[in-house]
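Listed below are the residues making up each chain.
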Amino acid sequence: MRLAIFGPPGSGKGTQSTRLANSYNLTIISTGDLIREAIAAGTPCGREAESYVRHGELVPGKVVRELANQAIAKQGYSEFILDGYPRTLEQAGWLSEYLKSYNARLQCVVSLMVPDEILVSRLSRRRLHRETGQIYHLDYSPPPPDIPPEEIIQRLDDHPEAILIRLETYRAETFPVEDYYRRKGILIEIDGTGDVESIQSRIVKHVDRFSTLMPA
Ligand code: AMP
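The following refers to the structure shown. Please read all numbers here as calculations on a predicted model, not as lab measurements.

### A short note on the pattern of salt bridges
- Counted under the stated rule, the structure contains 14 salt bridges.
- A salt bridge links Arg19 to Glu197; the nearest nitrogen and oxygen atoms lie 3.3 Å apart. Taken as a pair, Arg19 in helix α1 (residues 13-24) and Glu197 in helix α8 (residues 196-213) lie far apart in primary sequence, 178 residues in all.
- The class of Arg19 is partly exposed, set by a relative accessible area of 26%.
- Residue classification places Glu197 among the partly exposed positions, given a relative accessible area of 47%.
- Close ionic contact of Asp158 with Arg126 constitutes a salt bridge, the shortest N to O distance being 2.9 Å. Of this pair, Asp158 sits in the loop between β7 (152-153) and α7 (160-183) while Arg126 sits in strand β5 (residues 126-129), and the two are 32 residues apart along the sequence.
- Judged by its relative accessible area of 1%, Asp158 is buried.

Below is the structure:
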């Protein structure tokens, strides 16, 4: 199966892609994670990307295309879920062309819809465990007291100025991509509010229906 998940920052797409990956035995290809790894490793791609990520802006498309294509190729062009790619119409065009050249295409695109005020609260109170990447929310799922506070960090783009830029960028650049997939008839729009399990079961219900309608 070839899926993609969309949603503004803080919509829970990372959490839901992990769950979908487990349910359908897929590998997650997250361009955000690939970029953060490249930054941490100090690669040329990482050095080019760092200031864009810090400011909440999109990284130049060619850097992301390279990272995404390599990860898709490693997967054998199937059994993946894309998280955070494509994010612009240009990237969506590249992805279609790239998959087409391997006789493949996305079968289903999930869009998580969450109101802005919930997104801002989730992002500004979000924390991560430095080693495991486990996500916490200071109010709703605080880090366990046995974890030393210095191991709990905030993402470098989860500060208020970057959050606003990321939300605006999503509206300007990524909403049109959702429309691109809506016109192709493969977009599933899901209410992304409520508890994690309910959101997951909404998604799975639709993806199951889709995977029978849209065979690989
Ligand atoms: P994410 O973890 O998906 O929220 O991505 C974190 C940051 O990585 C974004 O704010 C962008 O700076 C960068 N990024 C991730 N995916 C892309 C993409 N497809 N195109 C451009 N920049 C991206």
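The structure having been displayed, the exposition proceeds.
### As for the sheet that holds strand β6 (residues 135-137)
- Taken in spatial order, the three strands of this open sheet run β6-β5-β7, and their pairing is antiparallel. If you trace the sheet from one side to the other, it starts and ends with β6 and β7, each paired once.
- With three bridges joining them, β5 and β6 adopt antiparallel strand pairing. Bridging from a neighbouring strand, Leu128 pairs with Ile135 of β6.
- In the packing of helix α6 (residues 116-124) onto the sheet, contacts are made with β5 and β6, and the angle to β5 comes to roughly 40°.

### Some words on the site of the ligand
- Every one of the 17 residues lining the ligand counts as a neighbour, but Thr31, Glu57, Gly84, Arg87 and Gln91 are closest to it.
- The contact in question runs from a nitrogen atom of the ligand to an N or O atom on the side chain of Gln91, over 2.9 Å.
- Taking Arg155, its side chain carries an N or O atom lying 3.1 Å from an oxygen atom of the ligand.
- If the ligand stood free it would expose 480 Å²; the protein chains cover 96% of that surface.
- Ranked by residues supplied to the shell around the ligand, first place goes to helix α2 (residues 31-41) with four residues.

### Considering the nonpolar core
- Counting 49 residues, the largest nonpolar core has Ile72, Leu82, Leu106, Tyr181 and Val207 as the members making the most contacts within it.
- The element contributing the most residues to this core is helix α4 (residues 61-74), with six residues.
- Membership of the second largest hydrophobic core comes to five residues, among which are Val114, Leu123, Ile163 and Leu167.

### Observations concerning empty space enclosed by the protein
- By the definition in use, this model includes one cavity of 30 Å³ or more.
- Lining the largest cavity are Ile5, Phe6, Gly7, Lys13, Gly84, Tyr85, Pro86, Arg87, Tyr170 and Thr174.
- Among the secondary structure elements, those contributing two or more residues to the lining of the largest cavity are β1 (2-6) and α7.

The rules behind the values
- Each chain has its residues counted from 1, running along the sequence as written.
- Only residues with pLDDT of at least 70 are given local features in this predicted model, and only at 80 or more are side-chain atom pairs given and counted; all residues enter the totals for whole chains, interfaces and linings.
- Values shown for side chains rest on all heavy atoms present in the structure; no hydrogens or waters enter the calculation.
- Salt bridge, as used here: a side-chain nitrogen of Lys or Arg that lies within 4 Å of a carboxyl oxygen of Asp or Glu.
- Note on conventions: DSSP H or I runs of at least 4 residues are helices, E runs of at least 2 residues are strands, and numbering of each starts at the N terminus.
- Think of it in three bands: residues with accessible area under 20% of the maximum for their type are buried, residues over 50% are exposed, and the middle band is partly exposed, with areas taken using a 1.4 Å probe on protein chains only.
- Should DSSP find at least two bridges between two strands, the strands are regarded as paired.
- Two residues form a contact once any of their heavy atoms are found within 4.5 Å.
- Fitted lines through C-alpha atoms give the axes, limited to the stretch in contact for helices. The angle between two N-to-C directions lies from 0 to 180 degrees.
- Here a residue is considered near a molecule or strand provided that any single heavy atom belonging to it is located within 4 Å of it.
- Here a polar contact means two N or O atoms within 3.5 Å. Within protein one must be a hydrogen donor candidate and the other an acceptor candidate, and residues neighboring in sequence count only if both atoms are side-chain atoms.
- Each accessible area is a Shrake-Rupley result for a 1.4 Å probe, and residues are judged covered by the shown protein chains and nothing else.
- To define a nonpolar core, start from buried Ala, Val, Leu, Ile, Met, Phe, Trp, Tyr and Cys residues and group those joined through side-chain atoms within 4.5 Å.
- Whether a set of points on the 1 Å grid over the protein atoms alone is a cavity depends on a 1.4 Å probe fitting there but being unable to get out, while an open set qualifies as a pocket with protein on both sides within 12 Å along at least five of seven lines; lining residues are those with an atom within 4 Å of a point.
- Grid points are joined across faces, edges and corners, and a volume is the space filled by probe spheres set on the points.

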